[in-house]
Amino acid sequence: MQGVGVPVVSIGTRNPRFSSVRIDDTAAVTAAVRHLRLLGHESVTMVTGPTEDLNFVATVERREAFAGEAQTNGMLFDVVKARAPGLEGGGGAAESILSGARMATAVLAEYDELAFGVLRTLARAGVDVPSQLSLMGFDDHEMASVVDLTTVAQPVREQGETAARLLL
């Protein structure tokens, strides 16, 4: 910490007071939306974390990149903000999606734990993923492969190694 002379490097977020190691969230979301468009999706919904997550820089960047890229590709799009983080938040967001007037053909979750909740609720409602709706997460959580979730990977190990080098 700066006040006591301890070096600090943040991982996954940006803090103007410290060095940081993170992915380019804008480029990653742009690539994800393009991937969904190339699969033929014309309507996509992004499930994002609760409002308090707005303090997390990636949340803002991911939302803005999603809207910008969806507009650029002429896609119908919507953003559903979860009322809670993780599984419960994703599940609640999926309930909102299912009860809407129009359901997108693809959902991009801001992070994998939200995607897990979306997936669970869709399965309970009888919506088959991916034949009826495509679902993509973000972060490559270790459980993503267990549920066959398509997800944007983050090079976590490499980020840690880079942060360690910066600290040293």
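As shown above, the structure is provided for reference.
Worth saying up front: this structure is predicted, and the values here are computed from it rather than measured.

Draft legend 1. Local environment of the sheet that holds strand 6 (residues 134-139). Spatially, 4-3-5-6-7 is the arrangement adopted by the five strands of the open sheet, whose pairing is parallel. Every interior strand has two partners, whereas the edge strands, strand 4 (76-81) and strand 7 (150-153), have only one. Strand-to-strand twist in this sheet, taken as the mean axis angle between neighbours without regard to direction, amounts to 20°. Bridge count for strand 3 (residues 43-48) against strand 4 is six bridges, and the pairing is parallel. When the bridges of strand 4 are listed, Val-44 appears paired with Phe-77. Sheet contacts for helix 1 (residues 25-38): strand 3, strand 5 (106-109), strand 6 and strand 7; angle to strand 6, the most-contacted strand, approximately 165°.

Draft legend 2. Local environment of the packing of aromatic side chains. Summed over all chains, the structure comprises one aromatic pair. Each ring, one from Phe-66 and one from Phe-77, has its centre 6.0 Å from the other, and the planes form 85°; the classification is edge-to-face. Separated by 11 residues along the polypeptide, Phe-66 in helix 2 (residues 57-72) and Phe-77 in strand 4 bring together distant segments of the chain. Residue Phe-66 is classed as buried on the basis of its relative accessible area of 0%. Judged by its relative accessible area of 29%, Phe-77 falls in the partly exposed class.

Draft legend 3. Spotlight on helix 4 (residues 112-124). Across its 13 residues, helix 4 extends 18 Å between first and last C-alpha, which sits within 8% of the 18 Å expected from 1.5 Å per residue. Taken as a whole, helix 4 has its buried residues at Asp-112, Leu-114, Ala-115, Phe-116, Gly-117, Val-118, Leu-119, Thr-121 and Leu-122. Where the residues of helix 4 are buried, they touch strand 3, helix 3 (86-99), strand 5, strand 6 and strand 7. Downstream of helix 4 by a residue or two, Gly-126 has a phi angle that is positive, lying close to 85°.

Draft legend 4. Representation of the side chain of Thr-121 in the model. Mapping Thr-121 onto the fold places it in helix 4. With a relative accessible area of 11%, Thr-121 lands in the buried category. Once residues lying within four places of it in the same chain are set aside, the contact partners of Thr-121 are Gly-91, Ala-94, Glu-95 and Leu-98.

Draft legend 5. Region of interest: a nonpolar patch on the surface. Among the surface-exposed residues, Met-143, Val-146 and Val-147 lie close enough to one another that they form a single nonpolar patch of about 250 Å² accessible area. Relative to the assigned elements, Val-147 resides in the loop between strand 6 and strand 7.

Draft legend 6. Seen up close, the packing of helix 3 against helix 4. Relative to each other, helix 3 and helix 4 sit at 50°, their axes nearing to 6 Å. The orientation of helix 3 relative to helix 4 falls into the category oblique. Regarding helix 3 and helix 4, the two cross each other, and that crossing is right-handed. Residues Gly-86, Leu-87, Glu-88, Gly-89, Gly-90, Gly-91, Ala-94, Glu-95 and Leu-98 of helix 3 form the contact with helix 4, whose participating residues are Glu-113, Leu-114, Phe-116, Gly-117, Val-118, Arg-120, Thr-121 and Leu-122. Across the contact of helix 3 with helix 4, the residue classes break down as seven nonpolar, six polar and four charged.

Thresholds applied
Residues numbered from 1 in each chain as written. Predicted model: local features only at pLDDT ≥ 70, side-chain atom pairs only at ≥ 80, totals over all residues. Heavy atoms only, no water. Pairing = 2+ DSSP bridges. Helix = DSSP H or I, 4+ residues; strand = E, 2+ residues; numbered from the N terminus. Axes fitted to C-alpha atoms, helices over the stretch in contact; angles between N-to-C directions. Contact = heavy atoms within 4.5 Å. Phe/Tyr/Trp six-rings, centres within 6.5 Å; stacked < 30°, edge-to-face > 60°. Buried < 20%, exposed > 50% of the residue type's maximum accessible area, 1.4 Å probe, protein only. Expected span 1.5 Å × (residues − 1). Patch = residues over 30% accessible without salt bridge, like charges linked within 9 Å, V, L, I, M, F, W, Y side chains within 5 Å. Areas by Shrake-Rupley, 256 points an atom, 1.4 Å probe, with all protein chains shown as cover. Salt bridge = Lys/Arg side-chain N within 4 Å of Asp/Glu carboxyl O. Parallel < 35°, antiparallel > 145°, perpendicular 65-115°, else oblique. Left-handed = near helix turned anticlockwise from the far one by under 90°. Nonpolar A, V, L, I, M, F, W, Y, C, P; charged D, E, K, R; others polar.

In short, the description is geometric, and any link to function would need to be established separately.
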